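# Inside the fold
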There are 2 protein chains.
Amino acid sequence: MKLHQVKNPIDIKKEMNKYFKTIKIEKETVNIESALNRYLYSDIKGKVNIPDFDKSTVDGYAVKASDVYGASESIPAFLNYIGEVEMGKDTDIVLDYDQCVYVPTGGKLPLGCNAMVMIEHTEKIDEETIGVYKPLGEGENIIKIGEDMRKDEILLRKGRKIKSYDLGVLSAQGIWDIDVYKKPAVTIISTGDELVPPYKDIKEGQIRDINTYTIMGAVEEFGGEVTNTSIVKDNYESLKEAVTKYGEISDIVIISGGSSVGAKDNTAKVLDSLGEPGVFVEGAAIKPGKPTIISFSNDTAFIGLPGHPLSSAIVFTVFGKELFNILLNKNKINEVVLEAYCEQNIHSTPGRETYQSVKIEERDGKKYFRPILGKSASISTIVKADGLLKIEIEEEGISKGDKREIILI
Amino acid sequence: MKLHQVKNPIDIKKEMNKYFKTIKIEKETVNIESALNRYLYSDIKGKVNIPDFDKSTVDGYAVKASDVYGASESIPAFLNYIGEVEMGKDTDIVLDYDQCVYVPTGGKLPLGCNAMVMIEHTEKIDEETIGVYKPLGEGENIIKIGEDMRKDEILLRKGRKIKSYDLGVLSAQGIWDIDVYKKPAVTIISTGDELVPPYKDIKEGQIRDINTYTIMGAVEEFGGEVTNTSIVKDNYESLKEAVTKYGEISDIVIISGGSSVGAKDNTAKVLDSLGEPGVFVEGAAIKPGKPTIISFSNDTAFIGLPGHPLSSAIVFTVFGKELFNILLNKNKINEVVLEAYCEQNIHSTPGRETYQSVKIEERDGKKYFRPILGKSASISTIVKADGLLKIEIEEEGISKGDKREIILI
C-alpha cells in the first residue's frame, strides 16, 4: 500500500485531468428533439448559408436606396411598381432605377435592390405607382446571404451543452441528427451492513441508504446515467467483488459510505488492488470531505465518498462535477453563482477548502447570505440552503459585510 | 374584435397570473429515481424523526461528559469498558458513572451517555479500562433524535423543483413515491406556407421551421412536455381548425410565426373566437417581441409569438417561463444571474423593456459584458451570447462601466 498525504483540491483536479482525460466516452447519434442538455461530440459546422438568399425583414417594397434619397412626407419619391415576390417562392425579377417590387417579411429580394422600405412609409398612388415618404440607408431592412450563419463556419463547438436556442441553429441548418457523447455509465455502491433502501421497512438501529439517491440526482445533473446501484457489505471481499464486477461495465464507480474507520481503509485497499495507477487521492484538504478517495484503474474512474450524507453530497459536487467536465469535454463551465454580502462572521480552518451551506435573503435590493449550521451527518441542512459558500484554503473565515460569490445548488 | 393597446410586461404578468392561475394541472406519482427536476404537487412532511435514535457521529466511546472533565495527555480519565454497540443494531446497555461503551459512527447511543469521545483521543489500558486524554462538552460528537428532521415538520414545500439533495431527504425518510405536477401538455404550432421541418429537403425560397425547436427546448427546460407539433398554413380557417383541435388536448398552445402582417391579425382573430375571455394581450412593450399575443379560453393558455426566431425565443423566455411558473406553482424562482460591468454604451428605446444578447468575459477577476449585435431574424446571435441583459422600460440605455445583472441562458 502506497502512503498518501492529504492533497489540496487544486492539485487533485490537476491529477484527475491527467488520468481521466484518457477515458474514452463513445458517441451516439440523437435527433434534435432529444438533444437538449446533451454534450456535443464534435464541432457543428454550417452546411448552408443562412439565409441562403438575400431576404427582407419587413413587409414592404424592395428599392434602390438612392431612388428614395431625401424622400419625406411633403416630397415623396414616386416609384414604378413592377410586381411582387411571393413568400417562399423564387423570383426572377430584376429591379432597375425608379422601380419597386412588393416583398413580404422573409421573402426573397429581387436582384438590383439594396434596401426595403416598410409598407407603413409608403402609399399606393395607382396600380403602377408607389409613393415613398422616408429615405433609407443601403442595406436597411434586409438580411444578406450568410449574414446569420455562414457555410463551413463552426456554429457549435465540441463539448457544448446543447441549449434550447442551439436547437434553433440546428433546425435552421436542416440538421436533424447530431453526435453527442454517450452519457457516462455510472455505478453507485453504498457500503454498510446497516443500510436499507427507501422502499423497504426499517428496523430499529438500521439506517436508510441516502447517498445513493443524492449522488444519483447529481450524476443526472452532471450529464451521466446511473446504470447500476448496489448496497454492499462492509468487508474487503464483498467490496472487491462489487468494484471488480461493476468496474468492467461502468465508466465511473462511486463508492459511498464505509462509515467505520476500517471501511475507509477497505475502500482504499480494494481500489488500489485493481491495477495501476490505482489510488492517487486518499484524503482531500476540503471540509467537509477529508476522507475522499480517488482512483483510476482499467479505464474506469473510482471515487470513494465519505459516509455522511452532507459530506458525501458536497464532495461529489466538487470532484464529481469535475470528473464529468473532463469526460464530456465540457467546453464552457459557467459555475452558476450569485453575489451576496455576508451577514455574520463565518469561521473556517485554514489548510482546508471549506464549503458552507448558506441561505440567501434579499433586502432593499441587496442580497445577503448567512450560514445554515448543521452537522455533516445531516442532509436537511443543505436542503434548507440556497447555495454553497466556498472559503479558500488559505482563509480563516469570512467577515460580516464581505461580498462573496455563492454557488447556487 | 376588441381593441388592444400595447401593454407593459409587469401588467401582462399580472393578468397572466389572474387568468392562468385557474388552469388546473393534475398530479402524478413518480418514484424518487425519476423525480429530479419535477415540481412537488404537495408539501412533504417528515414521516419519522431523523435520526430516529440518538446516534454517534464518530468512532469512539460513549461517556458522561462530566467523567472526562479536565482529562489531558498527562492526567487521563480512566473509565470502565462495559461493552460495545454494533452498527445497525439496537442496544439495551445503560451507562453509569465512570463507564464507557464502544460505539461506531452512526451507531445507536446507549442510555445514560451524553457525549462521544473519539477513539483517537483514547487508549486501551486493559480489557476493562479505557484511558481518555481529552475533555468533552455535553452533546459533543452525537446527533440527537429528530435533530436532522422532525416528524410532521414540512421538509419540502409544494411547488419546489426537486434537486439532487432533496432525493437524500426523501430517501432518509423512507419515502419512495411522491406526487408531482404532471408536465403541462404543450402543442407548438408554426404557421407559414413556406415552412419546412429540418429533416426534409428544402427548395429555394422556402425556409426552415426554426421556432418549433427552440420553443420545444425551452418548454422542456421550464418543466413542460411537447405532446404535439404542427406546421399550419397561414390562413384563418387552417389556424382555427388547428388551435381548436389542439386546444382541447393541451394545457398550452403556442403559435409561432405568422410572419406577414395579415397572419398576426389572423392569430389574434382566431384566438379571440375560441371563447371568453379570449385575447388579453395583443402587443407587448418589449423589444424584441412587440407582436406578442396572449389569450385564455376553455382552460387553455395560448401564446402567439413573433415569427422571427430571436424575437420568438426571447419572448418565450420572458412570458413562457412566467406561464410555467404559474401552472406549476413554482415556489422559489431564482433567476440565474451573474453581475458584470458594461463594456460599451448600449442604446435602448424607453417605453419598451429591452432584452439584449450579451457576451461575458472575465479579466483580472472582474466580469464584463458587451452586446452581441444581430438582427431579430437571426438565431445565431443568441447562440453566441452567454446571457440576456434586461434594460428596464424607463431606461434609455446602459452606460459603459455600469454594473448589471445578466440573465444566464
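The coordinates are above.
The present account deals with the structure reproduced in this document. All values reported here derive from a predicted model rather than from experimental measurement.

## Describing the overall build of chain A
Each helix and strand in chain A was counted, giving seven helices and 28 strands. The C-alpha atoms of chain A give a radius of gyration of 31 Å, which is well past the 22 Å a tight globule of 409 residues would have. Counting only C-alpha atoms and orienting by the principal axes, one finds that chain A spans roughly 95 × 50 × 40 Å. Considering only contacts within chain A whose residues lie at least 6 apart along the sequence, 72% involve residues at least 24 apart. About 17,700 Å² of surface is accessible on chain A, with carbon and sulfur atoms providing 46% of the total.

## Quick notes on the pairing of strand β13 (residues 185-191) of chain A
Residue and element names in this part refer to chain A. For β13, the tally of buried residues reaches seven of seven residues, placing the bulk of the element in the interior. Side chains of β13 alternate between two faces, with Ala185, Thr187, Ile189 and Thr191 and Val186, Ile188 and Ser190 buried alike. In terms of strand pairing, β13 meets strand β16 (residues 225-232) through seven bridges, oriented parallel. If you follow Ile188 over to β16, its bridge partner there is Thr229. Here β13 pairs with strand β17 (residues 252-257) via six bridges, running parallel. Pairing of Thr187 across the sheet is with Val253, part of β17.

## Description of the sheet that holds strand β5 (residues 77-84) of chain B
Residue and element names in this part refer to chain B. Judged by pairing direction, the sheet is mixed, and its six strands sit side by side in the order β7-β4-β6-β5-β9-β8 without closing on themselves. Strands with a single pairing partner mark the edges of an open sheet, and in this sheet they are β7 (115-118) and β8 (122-126). Strand-to-strand, the axes of this sheet are offset by a mean angle of 40°, without reference to chain direction. Where β5 and strand β6 (residues 99-103) come together, three bridges link them in parallel fashion. By the bridge assignment, Tyr81 is partnered in β6 with Cys100.

## Section: the environment of Leu373 of chain A
Residue and element names in this part refer to chain A. Tracing the backbone shows Leu373 in the loop between β25 (366-371) and α7 (380-384). Note on Leu373: relative accessible area 68%, which makes it exposed. For Leu373 and Leu195, which are 178 residues apart along the polypeptide, the C-alpha to C-alpha distance reads 26 Å. In contact with Leu373, not counting residues within four places along its chain, are Gln356 and Thr381.

## Some thoughts on the relation of the copies chain B and chain A
When chain B is fitted onto chain A, the two copies agree to an RMSD of 0.1 Å after a turn of 180° and an axial shift of 0.0 Å. Each copy turns onto its partner about a two-fold axis. Rotation axis and chain B: the residue whose C-alpha lies nearest the axis is Leu338 of chain B, separated from it by 3.0 Å. Of all interface residues in chain B, 100% are interface residues in chain A too; the two copies therefore contact each other through one and the same surface.

## Concerning the sheet that holds strand β20 (residues 293-297) of chain B
Residues and elements named next belong to chain B. Taken in spatial order, the six strands make up an open sheet running β16-β13-β17-β21-β20-β18, and their pairing is mixed. Edge strands, defined here as strands with exactly one partner in the open sheet, are β16 (225-232) and β18 (277-282). Within this sheet the neighbouring strands show an average axis-to-axis angle of 15°, counted without direction. When β18 meets β20, the two strands line up antiparallel, connected through five bridges. Its bridge partner lying in β20, Val279 is registered against Ser295.

## Some thoughts on the interface of chain B and chain A
Taken residue by residue, the interface counts 79 residues in chain B and 79 residues in chain A. Roughly 6,800 Å² of surface becomes buried between chain B and chain A when both sides are summed, with 58% attributable to carbon and sulfur atoms. Area buried by chain B at its contact with chain A is led by Tyr165, Glu204 and Val383 of chain B, which between them contribute 11% of it. Our count for the chain B to chain A interface comes out at four salt bridges. Of the charged contacts, one joins Lys403 of chain A and Glu339 of chain B as a salt bridge, the two residues approaching to 3.6 Å between their closest N and O atoms.

How each quantity is defined
- Residues numbered from 1 in each chain as written.
- Chains lettered and ligands numbered in written order.
- Predicted model: local features only at pLDDT ≥ 70, side-chain atom pairs only at ≥ 80, totals over all residues.
- Heavy atoms only, no water.
- Helix = DSSP H or I, 4+ residues; strand = E, 2+ residues; numbered from the N terminus.
- Rg over C-alpha atoms; globule rule 2.2 N^0.38 Å.
- Contact = heavy atoms within 4.5 Å.
- Areas by Shrake-Rupley, 256 points an atom, 1.4 Å probe, with all protein chains shown as cover.
- Buried < 20%, exposed > 50% of the residue type's maximum accessible area, 1.4 Å probe, protein only.
- Pairing = 2+ DSSP bridges.
- Axes fitted to C-alpha atoms, helices over the stretch in contact; angles between N-to-C directions.
- Least-squares fit on C-alpha atoms with pLDDT ≥ 70 in both.
- Buried area = accessible area lost by both parts, 1.4 Å probe.
- Salt bridge = Lys/Arg side-chain N within 4 Å of Asp/Glu carboxyl O.

The quantities given are spatial measurements derived from coordinates; they are silent on function.
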